[in-house]
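# Geometric and topological summary
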Amino acid sequence: MRLGVLDIGSNTGHLLVVDAAGGAAPLPASSYKEPLRLAEHLDASGAVTPAGIDALAAFAQQAKVVAEDKGCEDMLAFATSAVRDASNSDAVLAEVEGRTGVPLTVLSGEDEARLTFLSVRRWFGWSAGRLAVFDIGGGSLEIAGGANEAPDVAWSLPLGAARLSRAWFADGVPDEDRVRDLRRTIRAEIARDAGNLLRAGAPDKAVATSKTFRSLARICGAPGSSEGPLAPRVLPAAELREWIPKLMVMDHEALAALPGVSPSRTHQVVPGALVADAVMDIFGLEGLEICPWALREGVILERLDQLSVLG
């Protein structure tokens, strides 16, 4: 069957159209995305602004048209932390559905971590052993670990790259004192519940997913997308640590010239790097293997599992 997965993230709205079948890997057929930057369309009270709602509704309407044009039998539509954490979340969902007919489901942070873990498990298989999985989104950091398809532990922290950029670097290039304060804040937040994952011992494989980690891996020399999804990609802790001081003094033009960095996300590179560095340091990891599958694939796989059970 052909499925559309509409992912409303803190940075981007992304419709992924896949050909899906039980027991087979989802095969991407089409992709449509727009840089919504909802994490930056928040007012002082934490509500999504009218401009943000307009952008979201317009994207959802166009995504619906694209899904229909591509022959999707169903569209799974969900939103993550930007909508989840907004003070007017219910009003945003009602407005978008009223304008477009697209019902958005808000995923909890724990569900984000759980579904991302599922996709990583399916990608690497049982031979990967016990997994530790990390995902830096625009609004949140997801962490999960376990030896099965469902993680033993899964949680979410408000440490997304866009959220941190907006809160800490709104005035432009940060100075050393501000970076030091942010670094301390990030590490205290991650360390607070790190024991959830550390108690089970070192993972057999530590994995990272999604755009921020992919960009950082590219900066550190990982292969580009032209080499295909099967090319091994790793984010080494030591190399990232060497890069952070250089990234801190780069302007937007210099950051945009780095491999894997989108011009629209240059302001998120430093906070994302600080979170990634903290993750590897606190959990004692020398590096993270990059998985091409993430939350969207997890949503698809869970739906296929449900259809299989129902059938």
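The rules behind each value
Residues numbered from 1 in each chain as written. Predicted model: local features only at pLDDT ≥ 70, side-chain atom pairs only at ≥ 80, totals over all residues. Heavy atoms only, no water. Helix = DSSP H or I, 4+ residues; strand = E, 2+ residues; numbered from the N terminus. Rg over C-alpha atoms; globule rule 2.2 N^0.38 Å. Contact = heavy atoms within 4.5 Å. Areas by Shrake-Rupley, 256 points an atom, 1.4 Å probe, with all protein chains shown as cover. Lys, Arg positive; Asp, Glu negative; His and termini not counted. Charge placed at Lys NZ, Arg CZ, Asp CG, Glu CD. Axes fitted to C-alpha atoms, helices over the stretch in contact; angles between N-to-C directions. Parallel < 35°, antiparallel > 145°, perpendicular 65-115°, else oblique. Left-handed = near helix turned anticlockwise from the far one by under 90°. Nonpolar A, V, L, I, M, F, W, Y, C, P; charged D, E, K, R; others polar. Expected span 1.5 Å × (residues − 1). Buried < 20%, exposed > 50% of the residue type's maximum accessible area, 1.4 Å probe, protein only. Arc of directions from axis to C-beta. Pairing = 2+ DSSP bridges. Domains from an automatic or database assignment. Buried area = accessible area lost by both parts, 1.4 Å probe. Salt bridge = Lys/Arg side-chain N within 4 Å of Asp/Glu carboxyl O. Core = buried A, V, L, I, M, F, W, Y, C linked by side-chain atoms within 4.5 Å.

### A look at the overall build of the chain
When you go through the chain residue by residue, the secondary structure sums to 12 helices and 11 strands. Relative to the 2.2 N^0.38 estimate, which gives 19 Å for 311 residues, the radius of gyration of the chain is 19 Å and therefore close to what a compact globule would have. Its C-alpha atoms give the chain principal-axis dimensions of roughly 50 × 45 × 35 Å. Long-range contacts, defined as pairs at least 24 residues apart, comprise 68% of the intrachain contacts of the chain with a sequence gap of at least 6. If you sum the accessible surface of the chain, you get close to 13,600 Å²; carbon and sulfur atoms cover 51% of it. Counting 30 positive and 41 negative side-chain charges, the chain places the centres of these two groups 3 Å from one another.

### Topic: the packing of helix H6 (residues 176-192) against helix H11 (residues 269-282)
Closest axis-to-axis distance for the H6/H11 pair is 10 Å, and the angle between their directions is 45 degrees. Judged by the inter-axis angle, H6 sits oblique to H11. When you trace H6 past H11, the crossing you get is right-handed. Where H6 abuts H11, its residues Val179, Leu182, Ile186, Arg187, Ile190 and Ala191 lie against Pro271, Leu274, Val275, Asp277, Ala278, Val279, Asp281 and Ile282. Broken down by class, the residue content of the contact of H6 with H11 amounts to 11 nonpolar, no polar and 3 charged.

### Brief notes about helix H9 (residues 237-248)
Under the 1.5 Å per step criterion, the end-to-end length of H9 is 17 Å for 12 residues, consistent within 8% with the ideal 16 Å. Along H9, the positions that sit buried rather than exposed are Ala237, Leu240, Trp243, Ile244, Leu247 and Met248. With its buried residues spanning 125 degrees around the axis, H9 presents them on a single face. Away from its buried face, by an angle of more than 90 degrees, H9 presents the exposed residues Ala238 and Glu242. Considering only its buried residues, H9 is in contact with H6, helix H8 (211-219), strand E10 (234-236), helix H10 (252-256), H11 and strand E11 (287-291).

### Structural notes on the sheet that holds strand E3 (residues 27-34)
The mixed open sheet is built from 5 strands, whose spatial order is E3-E2-E1-E4-E5. Pairing within the sheet leaves two strands with one partner each, and these edge strands are E3 and strand E5 (105-106). Sheet topology note: the strand E1 (residues 2-8)/strand E4 (residues 74-79) ladder contains 6 bridges and is parallel. For Gly4, the partnering residue across the bridge sits in E4 and is Met75.

### Observations regarding the domain arrangement of the chain
Taken as a whole, the chain is organised into domain 1 (2-106) and domain 2 (110-296). Here the C-alpha centroids of domain 1 and domain 2 sit 23 Å apart. Domain 1 puts 19 residues into the contact, and the matching count from domain 2 is 16 residues. The largest share of the area that domain 1 buries against domain 2 comes from Asn11, Arg37 and Glu40, three residues that together contribute 28% of it. Our count for the domain 1 to domain 2 interface comes out at 3 salt bridges.

### Digging into the packing of helix H1 (residues 50-69) against helix H3 (residues 89-100)
Viewed as axis vectors pointing N to C, H1 and H3 meet at an angle of 40 degrees, and their least axial separation amounts to 9 Å. The pairing of H1 with H3 is recorded here as oblique in orientation. H1 and H3 meet at a crossing whose hand is right-handed. Contacts between H1 and H3 involve Ile53, Asp54, Leu56, Ala57, Ala60, Gln61 and Lys64 from the first element and Val92, Glu95, Val96, Arg99 and Thr100 from the second.

### So, the nonpolar core
Counting 50 residues, the largest nonpolar core has Phe134, Leu235, Leu247 and Phe283 as the members making the most contacts within it. For this core, the element with the highest residue contribution is H11, accounting for 9 residues. In terms of nonpolar packing, the next biggest core, distinct from the first, is built from 26 residues, Leu6, Leu38, Val48 and Val66 among them.

### Concerning the pattern of salt bridges
Side-chain pairs of opposite charge can arise whenever the charged atoms involved come near each other. Counting across every chain of the model gives 20 salt bridges. Arg99 is the salt-bridge partner of Asp54, the closest N and O atoms lying 2.9 Å from each other. Of this pair, Asp54 sits in helix H1 while Arg99 sits in helix H3, and the two are 45 residues apart along the sequence. The residue Arg180 makes a salt bridge to Asp177 at a minimum N-O spacing of 2.8 Å. Taken together, the positions of Arg180 and Asp177, both in helix H6 and 3 residues apart, correspond to about one turn of that helix. The partly exposed category is assigned to Arg180, whose relative accessible area is 43%. Put simply, Arg84, Asp85, Glu112 and Arg163 are held in one network by salt bridges that share partners.

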